[in-house]
Amino acid sequence: MTEAILLVGGKGTRLRPLTVHTPKPMVPAAGVPFLTHQLARARAAGVEHIVLATSYLAEVFEPYFGDGASLGLHIEYVTEEEPLGTGGAIRNVASRLHSGPDDPVLIFNGDILTGLDIRALTDTHESTGADVSLHLTKVTDPRAYGLVPTDPTGRVLAFLEKPQTPEEIVTDQINAGAYVFRRSVIDTIPAGRPVSVERETFPELLASGAHLQGMVDSTYWLDLGTPAAFVRGSADLVLGRAPSPAVPGRCGDRLVLPTATVAPDAKLTGGTVVGEGAFVAEGARVSGSTILAGAVIEPGAVVTDSLVGARARVGERSVLTGTVIGDGAVIGPDNELREGARIWCDAHIPAGAVRFSSDQ
């Protein structure tokens, strides 16, 4: 397998304000755009040619990655004029593939951080003679996902959309967002209209008697669709819990990019990333968080499990927990922001304006 399609066209609405100016796959995780980790892992598995299926803020990708030569890849870009869904996006880029009808093509979603053994998925695909092979993972609470029951040989039996009752939970196996398609199967997807592989393509293939094979790989897997998950994924990359050859430095408790400045007595823990040109002042404590390029963490601020956007500022003694601060926003001194708070790009919160405790 030498070809792959990456689906990177989503708007990332659940991640706003992170995605106001930046498409989801380009939001930095562990010091580089998240997409870099996926590209590097594909290359390590032997992929040479990758087509990026872009849509939202499509103009951002090519200036950064170019032709892919710096990653040892040949990258092409195809932009959807109108969003086509997962299946429609795959079909829309099919003309750029060079594979023969029976060759395997790797396809994966642009918002999944995984330790999947890509070669093992390809080997499973070829040894079983499948038309499509799916990476499946097991989760403790599958209600938010599509269930994929299989027989003892791994052959897929059904696709069950998000179960609503306990009786509907017939398996803990879910679609993990990475597939190997027989090249000819891609051409059967209808062209020129939105298509969901999960709701339309896979069920129809199954109904027609096609061989869909599931491979359970329960190594690291995380859907980066929410701010909390994205922050955790970045920290796990830094800590070495999630594998990637693209982390720009050694795995450990912190990753400080070369032009960042951190005061000697500032404390960085839990897989924290401090981006290019960012500044963490004296007495600040930052844990499990991402501080993007040019952001400033002022003296005595405490930032936990949060993301601070590019050029944003967190004022003295302010305390952030599970919070997202948009690009260019300013949090004045002595504020407290708790889990789930999202401060929009360029917003200004005055000193002491948001509290969950007394100011005395």
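What comes next concerns the included structure. Computed from a predicted model, the values in this text were never measured in an experiment.

1. Considering the side chain of Asp-327
Step number 1: The topology assignment puts Asp-327 in the loop between strand E24 (324-325) and strand E25 (330-331).
Step number 2: For Asp-327, which is buried and forms no salt bridge, the nearest opposite charge comes from Arg-311, at a distance of 4.7 Å.
Step number 3: When residues no more than four places from it in sequence are discounted, the contact partners of Asp-327 are His-21, Gly-309, Ala-310, Arg-311, Cys-345 and Asp-346.

2. Side note on a negative patch on the surface
Step number 1: Taken together, the side chains of Asp-103, Asp-117, Asp-123 and Glu-126 present a region of like negative charge at the surface.
Step number 2: One can find Asp-103 in the loop between helix H3 (85-92) and strand E6 (104-109).
Step number 3: Looking at Asp-103, the relative accessible area reads 36%, which means it is partly exposed.

3. Quick notes on the environment of Val-308
Step number 1: Along the polypeptide, Val-308 turns up in strand E21 (residues 307-308).
Step number 2: Sequence spacing of Val-308 and Gly-326 is 18 residues, and the spatial spacing of their C-alpha atoms is 6.7 Å.
Step number 3: Residues contacting Val-308, with those up to four places away along its chain left out, are Thr-290, Ile-291, Leu-292, Ala-295, Ile-297, Val-303, Val-314, Leu-320 and Ile-325.

4. Description of the sheet that holds strand E19 (residues 296-297)
Step number 1: Read across the open sheet, the 6 strands follow the order E13-E16-E19-E22-E25-E28; overall the sheet is parallel. Each of the sheet's edge strands pairs with one partner strand only, and the pair in question is strand E13 (261-262) and strand E28 (348-349).

5. Quick look at helix H7 (residues 227-239)
Step number 1: Along its 13 residues, H7 runs 18 Å from first to last C-alpha, staying within 8% of the 18 Å computed at 1.5 Å per residue.
Step number 2: Counted residue by residue, H7 has 10 buried out of 13 residues, so it is predominantly covered.
Step number 3: Within H7 the residues assigned to the buried category are Pro-227, Ala-229, Phe-230, Val-231, Gly-233, Ser-234, Ala-235, Asp-236, Leu-237 and Val-238.
Step number 4: Immediately beyond the C-terminal end of H7, within one or two residues, lies Gly-240, with a positive phi of roughly 90 degrees.

6. Examining the packing of aromatic side chains
Step number 1: In the structure shown here, the tally under the stated rule is 7 aromatic pairs.
Step number 2: A ring pair is formed by Tyr-64 and Phe-65, whose centres lie 4.8 Å apart and whose planes are at 70 degrees; its orientation type is edge-to-face.
Step number 3: You can call Phe-65 buried: its relative accessible area is 7%.
Step number 4: Arranged with centres 5.3 Å apart and planes meeting at 25 degrees, the rings of Phe-159 and Phe-202 form a pair that is stacked. A residue pair is termed long-range when its members are at least 10 positions apart, and Phe-159 in the loop between strand E8 (132-138) and strand E9 (173-182) and Phe-202 in helix H6 (residues 197-207) qualify at 43 residues.
Step number 5: Taking relative accessible area as the criterion, Phe-159 reaches 18% and is therefore assigned buried.
Step number 6: Among the aromatic side chains, those forming a connected cluster through ring pairs are Phe-159, Tyr-179, Phe-181 and Phe-202.

7. Observations concerning the nonpolar core
Step number 1: Core analysis: the biggest nonpolar cluster contains 29 residues, and Ile-5, Ile-107, Leu-134, Phe-181, Ile-186, Phe-202 and Leu-212 have the highest contact counts within it.
Step number 2: Those elements giving two or more residues to this core turn out to be strand E1 (3-7), strand E4 (49-54), H3, E6, E8, E9, helix H5 (183-186) and H6.
Step number 3: When near neighbours in sequence (up to four residues on either side) are disregarded, Phe-202 contacts Val-132, Leu-134, Phe-159, Asn-175, Tyr-179, Phe-181, Val-197 and Leu-212.
Step number 4: Ranked by size, the runner-up nonpolar core spans 25 residues in total, among them Val-262, Val-286, Ala-329 and Ile-349.

8. Digging into the side chain of His-49
Step number 1: Structurally, the position occupied by His-49 is in strand E4.
Step number 2: Judged by relative accessible area, His-49 falls into the buried class, the value being 6%.
Step number 3: Engagement of the side chain of His-49 in a polar contact is seen with the side chain of Glu-76, the distance being 2.7 Å.

9. Overview of the environment of Ala-301
Step number 1: Within the secondary structure, Ala-301 sits in the loop between E19 and strand E20 (302-304).
Step number 2: By relative accessible area, Ala-301 is classed as buried at 0%.
Step number 3: Sequence separation between Ala-301 and Arg-338 is 37 residues, and the spatial gap between their C-alpha atoms is 14 Å.
Step number 4: Contacts of Ala-301, omitting those with residues within four sequence positions, involve Gly-283, Ala-284, Arg-285, Val-314, Gly-315, Arg-317 and Ser-318.

Rules behind the numbers
- Residues numbered from 1 in each chain as written.
- Predicted model: local features only at pLDDT ≥ 70, side-chain atom pairs only at ≥ 80, totals over all residues.
- Heavy atoms only, no water.
- Helix = DSSP H or I, 4+ residues; strand = E, 2+ residues; numbered from the N terminus.
- Buried < 20%, exposed > 50% of the residue type's maximum accessible area, 1.4 Å probe, protein only.
- Lys, Arg positive; Asp, Glu negative; His and termini not counted.
- Salt bridge = Lys/Arg side-chain N within 4 Å of Asp/Glu carboxyl O.
- Contact = heavy atoms within 4.5 Å.
- Patch = residues over 30% accessible without salt bridge, like charges linked within 9 Å, V, L, I, M, F, W, Y side chains within 5 Å.
- Areas by Shrake-Rupley, 256 points an atom, 1.4 Å probe, with all protein chains shown as cover.
- Charge placed at Lys NZ, Arg CZ, Asp CG, Glu CD.
- Pairing = 2+ DSSP bridges.
- Expected span 1.5 Å × (residues − 1).
- Phe/Tyr/Trp six-rings, centres within 6.5 Å; stacked < 30°, edge-to-face > 60°.
- Core = buried A, V, L, I, M, F, W, Y, C linked by side-chain atoms within 4.5 Å.
- Polar contact = N/O pair within 3.5 Å; in protein donor to acceptor, adjacent residues only side chain to side chain.

Nothing here speaks to function; it is all geometry.
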